[in-house]
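Coordinate analysis (summary)
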Amino acid sequence: MPDHHSLLLVFTMLCAALFALPFVPAIREWRRPTDSAALPVPPKHTADIDHFARRLHADAQARLGRVEPSGDEEFDLIAPDAPPVAWGAARARLLVCGDVATDASILAFQPVYVDGSLRAGAGCAFSSLYATGDIELGGSSKLADWAHADGELRLGHGSTALRRVSAGKALKLSAPCWFERLHAPVVRLGGSACTRAEAPSMPWRPVPRTATYAALAHAVKRTPTLYMVRGDCSLPGHRIYRGSLVVTGFLTVAPFTTIVGDVKARRGIVLGKGVVVHGAITCEQSVDLQLGALVLGPVVCEGDVLLGARSVVGLHDALTTVSGRYIVAEEGATVHGTLWAHEIGMVKRA
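This report concerns the structure included in the present document. These numbers were taken from a predicted model, which means no experiment stands behind them. (Residues numbered from 1 in each chain as written. Predicted model: local features only at pLDDT ≥ 70, side-chain atom pairs only at ≥ 80, totals over all residues. Heavy atoms only, no water.)

The helix and strand inventory of the chain stands at four helices and 32 strands. Along the longest, intermediate and shortest principal axes, the C-alpha atoms of the chain span 100 × 75 × 30 Å. By the burial criterion, 43% of the 350 residues in the chain qualify as buried. Sequence-distant contacts, at least 24 apart, represent 21% of the contacts inside the chain between residues at least 6 apart. Of the roughly 17,800 Å² of accessible surface on the chain, a fraction of 58% belongs to carbon and sulfur atoms. Each charge class in the chain can be summarised by its mean position, and for the 35 positive and 32 negative side chains these summaries are 10 Å apart. (Helix = DSSP H or I, 4+ residues; strand = E, 2+ residues; numbered from the N terminus. Buried < 20%, exposed > 50% of the residue type's maximum accessible area, 1.4 Å probe, protein only. Contact = heavy atoms within 4.5 Å. Areas by Shrake-Rupley, 256 points an atom, 1.4 Å probe, with all protein chains shown as cover. Lys, Arg positive; Asp, Glu negative; His and termini not counted. Charge placed at Lys NZ, Arg CZ, Asp CG, Glu CD.)

If you want it as C-alpha cells, here you go:
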C-alpha cells in the first residue's frame, strides 16, 4: 500500500501537469512558429488613410530592386503607352515605369503602381492607384478603393472617390465631386479653392473690440478660461473673445468675430462671414462655416458640416481634421489635413 509521501508526490505531479497544460500550445508556437506572417487588414479597419498605399509602394519598390524584398513582389509590367484595353485585361497588379499621358479613359480592375505621373481622360475607373508623381483624372472618373499621389492629385468634375484618397502635396476636386476620406497638406475643394494666405482680402472691418463671455445671458464661469451658456447663444460681430465656450443649445457667431479658444455646442454652430476660431469646433448636430470663416483646430461633428466658399480649416504647417456624417463644401473651401465624411461628402457648385 503506497505510503503518505508517495501519495503526496503523485498529487503534486498531477497538479503541476494540470497547471502546465494550458501553456503547451504557447510553448509549441514559440518553438515552431506557424503564424509569423502579417494578417490581412480590410480597408475599413485601419485608421491610416495611406496604409494600403504604403504597402503597395513597398512591394513595387522591391520589385524594382530599390529596397529589400517585401515578400510580395508579383506585378505585371505594362508600358506607359499601352492601349486602354491592356489595363482592364490584367489579372495581377500592374507596374508602369514612366509617365502616362493619354486623353483616353483607363479602366483598371487590379491595383496600379505608376513610377511617374499619370494623366488620363474622362470616365476612368481604378480600384487602387499609386503614382510617385502627379495624378490627374478627367471628369466622371471613379476611385473604388483608394488612390495616392506623392505629388498632386486632381479629379475632374463629376468624379467619385468612394474610400480614401491622399496626396503628398495637394488634392484638388472639381465641382461637383463626391468623396469619403481625403488627406493632403492642402485639399482644394472646387475650382477656385485657395489657402488662407492666397485668399483675396475680406472687406474692410473695424478693429474688433475685446469682449467677455461673462456679459452673455445665462453664462456660467466654470474655470478661469471656460464659460458655459445654458440654452441658445449669440455672439455679436466685430468682437474678440478669449477662452473656451460651451453652449447647451444653438450657437451663432456674428461676422468678423474672433474666438481665441475652443467652441462646443449641442444643437448646432454657425460661424458668420469672416469669423476666426483659434481652436477646435465640436458639435452634436450641425456646423456651418460661412464665407471666409477660418478654424485653426479640428472640426468634429456628429451631424452635418457645411464649408462655405473661401472658408479655411487648418494651416499648411498645422494639419487638422474635419469630421462629420455628411460634409458639403462649396467651391473655394480649403482644408489642410483630413476630411472624413462618415456617410458621404460633396463638393458643390457655386
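Now for the pairing of strand β10 (residues 152-155). Every second residue of β10 is oriented toward a common face, the buried set being L153 and L155 and the non-buried set E152 and R154. Here strand β8 (residues 135-137) runs beside β10; their pairing, made up of three bridges, is parallel. Counted as the bridge partner of I135 is L153 from β10. Both β10 and strand β12 (residues 170-173) contribute to a ladder of four bridges, which runs parallel. From the neighbouring strand, L153 faces β12, where its bridge partner is L171. (Pairing = 2+ DSSP bridges.)

Let us look at the environment of I106. Mapping I106 onto the fold places it in the loop between β3 (100-101) and β4 (107-108). Look at I106 and you get buried, because its relative accessible area is 2%. Considering only alpha carbons, one finds I106 and T338, 232 residues apart in sequence, at a separation of 28 Å. The contact partners of I106, leaving out residues within four places of it in the chain, are W87, V100, A120, C124, A125 and F126.

Side chains of nonpolar character tend, in soluble globular proteins, to be buried together. If you look at the biggest cluster of nonpolar residues, it comprises 73 residues, and the most contacted ones within it are W87 and L307. At six residues, strand β13 (residues 177-189) tops the list of elements feeding residues into this core. Residues in contact with W87, not counting those within four places in the same chain, are I78, A82, L94, V96, V100, I106, L107, A108, V112 and L118. The next biggest cluster of nonpolar side chains, apart from the first, holds nine residues, and it includes F52, A53, L95 and Y130. (Core = buried A, V, L, I, M, F, W, Y, C linked by side-chain atoms within 4.5 Å.)

Turning next to the side chain of S128. Structurally, S128 is set in strand β7 (residues 125-131). At 3.3 Å, the side chain of S128 forms a polar contact with the side chain of W146. The residues contacting S128, other than those within four sequence positions of it, are Q110, P111, V112, D145 and W146. (Polar contact = N/O pair within 3.5 Å; in protein donor to acceptor, adjacent residues only side chain to side chain.)

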